[in-house]
Each structure stands twice: as C-alpha cells, then as structure tokens.
Amino acid sequence: MRQKKGKTAFVVVAIAVLAALLAFAAIRSLGTG
Amino acid sequence: MAAEGKPGQFNLSWKHSGTWAVCLFVGYVVIVVSVVVAALLTSRVPRGSVLNLAYGCGLVGFAILTLQVVLASRFKWLDSPFGLDVVMQFHSRVALLAGVLLVLHPILLMVAHGNLRLLSFQTSWRVDVGKAALALLVLGILFALYFNKLGVDYNVWRFAHKGMVLVVILGFVHGLWIGSDIQRTPVRIYWWLLFVVAAGIFAYRNLVVPLWVRRRFTITDVQQETHDTYTLTFEPQDGKPTLRHPGQFMFVKLLRPGRPSELHPFTISASPLKTRILQATIKQSGNFTDTIDQTKVGDGARIEVPYGRFSLVHQRCGGLVFIAGGVGVTPIMSMLRYLKETDDLRPVLLLYGNKTERDILFREELDALPDHVETVHVLSEPADDWQGPRGFVTRDLLETHAASRLSDPQTHVFLCGPSAMMSNVMRDLKAMGVPDSRVHYEQFTL
C-alpha cells in the first residue's frame, strides 16, 4: 500500500511539473508573465 | 515509541501521521514548481514558447536534482511517515524525471535557436560547466540503474553516487552565471537558498552524522544461529535506551580491527522492549557478511537507529499472518517476541520458507511460542524424512494453511523475504482477493 502511494506521489509530481512548465512557457510567450 | 516501564504501549508521534506525510509532499511540490512561478513573476519580456520551455526545464530539473540530497539523507522525519524504502524509490523515480528535464534543456535551446552551436567545443566556460554537469548526471543515472548488472561492488557504487553532488555544484554555477532568469533577484535568492540548504544537508550527512550523530556501541555477544547465520548483540556505550518499534531496522558500521568499515542496513531481531540492547541476525551472503563470523565480543560499532515502517504498530489488525523466507524472518521475529512479551493473544500464523531444515532460524524459540501462534515450515530442498510441506510459499500453501485467516478483513499480512518470493506471494494474495491495504512489506531495490 505504502509503495503504491509512493508511485502515485511520483505521478502527481510529474504531472504538476509538466503543468507548471507548460503554463510557464505559455504565459511568458504571450508576454503576460 | 515504547516508553520504558510501559511494555507494549506505543505512542506514535506526529511524525508518523498522514497529515505530516501530506505536508511534506505538498511542500516538495511547492518547492519544485515555485522556481518557475518566481521566474514568471519577475520577467516581463515575451520570448518564444520553446525557449521558455527550455529555461523552465533547466530551472525545475535543477530544483528536483538539488532536493535529491534531502531525500537521500535518511532523515527520521522523512522515514517516519513514508518508510525509507518508499522515500528511496521516490528518489530513484524523480532522478529520472530530473534527468529527462535537464537533457531536454539544451535540446530545446538548440531547437529555439535553430542551430547546433551548443554541440561544438567552442562554447564559453559557463556553457561547458553545464555540459559537464549534464554528462555526469547521465552517467550517474545509468550507473545507478545498471551497477547491479555490471557487478560493481555496493560500496564503490555508494561512493560514486555521493559524487553526484558534483552535478549539483556544477549545475548551480552554470545557472548562476548564465541563466537569464537567475539574474533576477527572486530567482537568484531561490537558487542560492536551494544550493546552500542542499550543501548544508550534504555536509551534515557526510561529516556531522558519521562523527557525532551515529551512536557508539560495543558487541557483547556473537551467537551462531545456523551454519551460516549469526546474531550480534550490541550495547550502547552511552547507556541510553534505544526506543523503537518491532520490525524496524538500523544502519550499522562494524569497527573491527584489521577489517574495513562499511555501513550496512540490518533488521533489529530483538524485541523492542529490550531497549538496552540491539541485535542483528546476519546471514553470510556477500563480501561483507561472509566475514561476520570473524566478529568478536568487544568489537565496536557505530549505529543509526531506528528506521522503517514495517511494523504491526502501524496497523489496526485483529489477526496476523507473517510470511517469511530465510533470514527475512528477522523483523517478524522481533514482532513475535514483542507479542509474546506483551501477552498479546491475537491469532498469528507464520509461514516460514527455507531451503533445508538446517537453514531454519530460531527453530527452538518458534516451537516454544504460545498456542495462539501457529508456525508452518516449508522447505524447498528437504531431506527425505521431512514431514512438513515441501516447495515454496505458493498459492496452494496459502489456500491450505491461511485461507480462512486471509478472508477475515481484520487480518493483516506481513511479508519479508527474497524479492522473487515476495513478488510471487503478493501476486497470489492478490489473486486470493486480499486487498493491498492488508499486505505490508518493505522492499529495497537499488
């Protein structure tokens, strides 16, 4: 169970990182950031 | 932890709580993504989206890489809520994520600039530092993934892996001198803070802990358990008790004259109520453990203790099914001893697999356990006159000896043994409808 939660935690981090990067690139290339 | 004089009472601290685990996880995500938030808040100049993505990959990749130092530092406040095995598995996975981001960083830069200038040898030293960091990082990740297959000694790998801190230093210098976002104050402060914290933790783990934090013990007994397994008993030189849960483990550095000292994790086989001693039951199964029989009473040891969440104290269970293979019985022995000493009468089944009869550890003690503990020995290479089950802990064996217990939603399973056995048993338990929430194990894969 702990190990499954560990895997889920990694997936959440990966999604958060991807979302943050895409948002960062999109917002700044529009000149609003 | 067990308070002395109050056997069997464990007051789990806030560090073991789910709330603390969530706080740590959210904190980790916030630290990682806040670098791009800081960059967003300070930059007003629009740039191409690929170029921004390239910068973002570099910033976030470095943040993850720096936090690896924290994850690898075996802090009790990280071990208590998650277990060190889960922390190290997370450490391995996010290393790959950081690797991908940091490899993408120069690739996206070249795409954005429309040239391959970064691949030439005529780049500035600031770029060269980044290239060196990236090359080291890729080599380090490949080495970590394949050192086992390459047959590299564990301690060589451990030493080389510590060298990965060089990647953090080079990455820090590269970003500080060339990163356009890092020239702006908020991001620069973040960059420095992250680096200083990581450097401080690295120094703490590698200088302060070995010299001052790791406690000194003396070996007071060396007991041969079977033909290839020995139990070492340690007593603290400071005389202070060692509070711990049954099933936890410790990091031990044996100090034996004329022998190299190496740090190794060992399960504590003694009951946690014996707070004045620690015991490790060690099988001769490698370069280091092969010499365990040469350990003598009076030898010293430096020990970090306790670690791990493989313990019945974290579960509310009515019954217990312990499944062990070989020397994997040691954490379970600690739990059995604890149950006995606290007059805990919950029904217990131990399925214990070994090759031969002479490999069975703690045989007499297991036979003398009270009636509410049923022990089933299964041997894969038994003598002709062996009366018990033969083979491995298979689904058939589980159906025969544990089906009714496993169908009880209050019964929890604790599993410890060779990784192949653990995988097979977990598969069988799943097929029998035992939910993951009732199956507990600790798995270290390097």
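This is a predicted model, so every value here is computed, not measured. (Residues numbered from 1 in each chain as written. Chains lettered and ligands numbered in written order. Predicted model: local features only at pLDDT ≥ 70, side-chain atom pairs only at ≥ 80, totals over all residues.)

Trainee: Please clarify how the overall build of chain B should be interpreted in this entry.
Mentor: The secondary structure content of chain B amounts to 12 helices and 11 strands. Dimensions of chain B, computed from the C-alpha atoms along their principal axes, are close to 80 × 50 × 45 Å. Within chain B, contacts between residues at least 6 apart in sequence are counted, and of these 75% link residues at least 24 apart. (Helix = DSSP H or I, 4+ residues; strand = E, 2+ residues; numbered from the N terminus. Contact = placed C-beta atoms within 7 Å.)

Trainee: I would appreciate a short explanation of the sheet that holds strand β4 (residues 263-267) of chain B in the present structure.
Mentor: Neighbouring strands of a sheet are bound in pairs by backbone hydrogen bonds; such pairs are parallel or else antiparallel. Residues and elements named next belong to chain B. Overall, antiparallel pairing links the 6 strands, which are arranged β4-β3-β6-β1-β2-β5 in an open sheet. Sheet topology places β4 and β5 (278-283) at the edges, where each strand pairs with a single neighbour. Neighbour to neighbour, the strand axes of the sheet diverge by 40° on average, direction disregarded. Here 8 bridges tie strand β1 (residues 215-226) to strand β2 (residues 229-236), and the two strands are oriented antiparallel to one another. Looking at β2, one finds that Gln224 is bridged to Tyr230. (Pairing = 2+ DSSP bridges. Axes fitted to C-alpha atoms, helices over the stretch in contact; angles between N-to-C directions.)

Trainee: Please clarify how the domain arrangement of chain B should be interpreted in this entry.
Mentor: Size of an interface, as often reported, equals the accessible area lost when the parts are brought together. You can read the domains of chain B as domain 1 (14-211), domain 2 (215-307) and domain 3 (312-441). Placing a centre on the C-alpha atoms of domain 1 of chain B and another on those of domain 3 of chain B gives a separation of 42 Å. (Domains from an automatic or database assignment.)

Trainee: So what exactly am I meant to see when it comes to the pairing of strand β7 (residues 319-325) of chain B here?
Mentor: A regular strand places its side chains on the two faces of the sheet in alternate fashion. Residue and element names in this part refer to chain B. Most of β7 sits out of view: 6 of its 7 residues are buried. The pairing of β7 with strand β10 (residues 411-416) spans 6 bridges and is classified as parallel. Residue Val321 lies in a different strand from β10, and its bridge partner there is Val413. Strand direction decides the pairing type here: β7 and strand β8 (residues 348-354), joined by 6 bridges, are parallel. (Buried ≥ 20, exposed ≤ 12 C-beta atoms within 10 Å, placed from the backbone.)

Trainee: I tried to follow the sheet that holds β7(B) on my own but got confused; where do I start?
Mentor: Residues and elements named next belong to chain B. Taken together, the 5 strands give an open sheet; going across it, the order is β9-β8-β7-β10-β11, and neighbouring strands pair in parallel fashion. Pairing within the sheet leaves two strands with one partner each, and these edge strands are β9 (373-379) and β11 (439-441). Averaged over all adjacent pairs, the angle separating strand axes in this sheet is 15°, with direction ignored. Sheet strands touched by helix α9 (residues 330-341): β7, β8, β9 and β10. Its angle to β10, the strand with the most contacts, is close to 140°. Lying over the sheet, helix α11 (residues 395-406) contacts β7, β8, β9 and β10, oriented at roughly 160° with respect to β8.

Trainee: What's the story with the nonpolar core in this structure? I'm lost.
Mentor: Most often, soluble globular proteins keep nonpolar side chains buried together rather than apart. Core analysis: the biggest nonpolar cluster contains 76 residues, and A:Leu21, B:Val35, B:Val36, B:Val60, B:Ala63, B:Met250 and B:Leu278 have the highest contact counts within it. Per element, the largest residue contribution to this core is 12 residues, and it comes from helix α2 (residues 49-71) of chain B. Built from parts of two domains, this core gets at least three residues from each of domain 1 (14-211) and domain 2 (215-307) of chain B. Membership of the second largest hydrophobic core comes to 39 residues, among which are B:Leu320, B:Phe322, B:Ala324 and B:Val378. (Core = buried A, V, L, I, M, F, W, Y, C linked by C-beta atoms within 7 Å.)

Trainee: Please explain the packing of helix α1 (residues 2-29) of chain A against helix α4 (residues 84-113) of chain B as it appears in this structure.
Mentor: Two quantities define a packed helix pair, namely the angle between the helix axes and the distance between the axes. Relative to each other, α1(A) and α4(B) sit at 25°, their axes nearing to 9 Å. The orientation of α1(A) relative to α4(B) falls into the category roughly parallel. The interaxial crossing formed by α1(A) with α4(B) has right-handed handedness. Across from A:Arg2, A:Gln3, A:Gly6, A:Ala9, A:Phe10, A:Val13, A:Ala14 and A:Val17 in α1(A), the residues of α4(B) making contact are B:Val86, B:Gln89, B:Phe90, B:Arg93, B:Val94 and B:Leu97. By residue class, the composition of the contact of α1(A) with α4(B) is 9 nonpolar, 3 polar and 2 charged. (Parallel < 35°, antiparallel > 145°, perpendicular 65-115°, else oblique. Left-handed = near helix turned anticlockwise from the far one by under 90°. Nonpolar A, V, L, I, M, F, W, Y, C, P; charged D, E, K, R; others polar.)

Trainee: Help me understand unusual backbone geometry, please; the structure alone is not making it clear to me.
Mentor: Glycine aside, negative phi is the norm for most residues, and most peptide bonds take the trans geometry. Residues and elements named next belong to chain B. Cis geometry is adopted by the peptide bond preceding Pro306, which originates at Val305 and carries an omega value of -5°. By the secondary structure assignment, Pro306 is in strand β6 (residues 300-307). Residues other than glycine seldom take positive phi values, yet Arg74 does so here, at roughly 55°. For Arg74, a count of 16 C-beta atoms within 10 Å puts it in the partly exposed group.

Trainee: Where do I start with the packing of α1(A) against helix α1 (residues 18-42) of chain B in this structure?
Mentor: Direction vectors running N to C along α1(A) and α1(B) enclose 10°, while the axes themselves pass 10 Å from each other. Between α1(A) and α1(B), the crossing angle belongs to the class labelled roughly parallel. Here A:Ala9, A:Val13, A:Ala16, A:Val17, A:Ala20, A:Leu21, A:Phe24, A:Ile27 and A:Arg28 of α1(A) lie close against α1(B), whose contacting residues are B:Phe25, B:Val29, B:Val32, B:Val33, B:Val36, B:Ala39 and B:Leu40. When its residues are assigned to classes, the contact of α1(A) with α1(B) shows 15 nonpolar, no polar and 1 charged.

Trainee: Is there a simple way to think about the interface of chain A and chain B in this case?
Mentor: Contacts between the two partners involve 22 residues from chain A and, on the opposite side, 29 residues from chain B. Counted by class, the side of chain A that touches chain B contains 14 nonpolar, 5 polar and 3 charged residues.

Trainee: When you look at the confidence of the model for chain B in this model, what are you seeing that I'm missing?
Mentor: Should pLDDT be low for a region, the predicted coordinates there are not to be read in detail. All names here are of chain B. For chain B, the mean per-residue pLDDT works out to 92, and 96% of the residues sit at or above 70. For residues 1-8, every residue scores under 50 in pLDDT, and the model assigns this stretch 15 contacts once sequence neighbours within four places are set aside. With a pTM of 0.90, the predicted complex shows an ipTM of 0.93. (pLDDT = per-residue confidence, 0-100.)

Trainee: What exactly am I supposed to notice about helix α8 (residues 185-213) of chain B here?
Mentor: A turn of α-helix holds 3.6 residues, and therefore any two residues three or four places apart point the same way. Residue and element names in this part refer to chain B. Along its 29 residues, α8 runs just 37 Å from first to last C-alpha, ending more than 12% under the 42 Å computed at 1.5 Å per residue. Of all the bends in α8, the largest measures some 35° and sits at Tyr204. Turning to α8, its buried residues number three or more, namely Val187, Tyr190, Trp191, Leu194, Phe195 and Ala198. Buried residues in α8 make contact with α1, α2 and α7 (165-178). (Expected span 1.5 Å × (residues − 1). Bend = angle between axes of the 7 residues up to and from the residue.)

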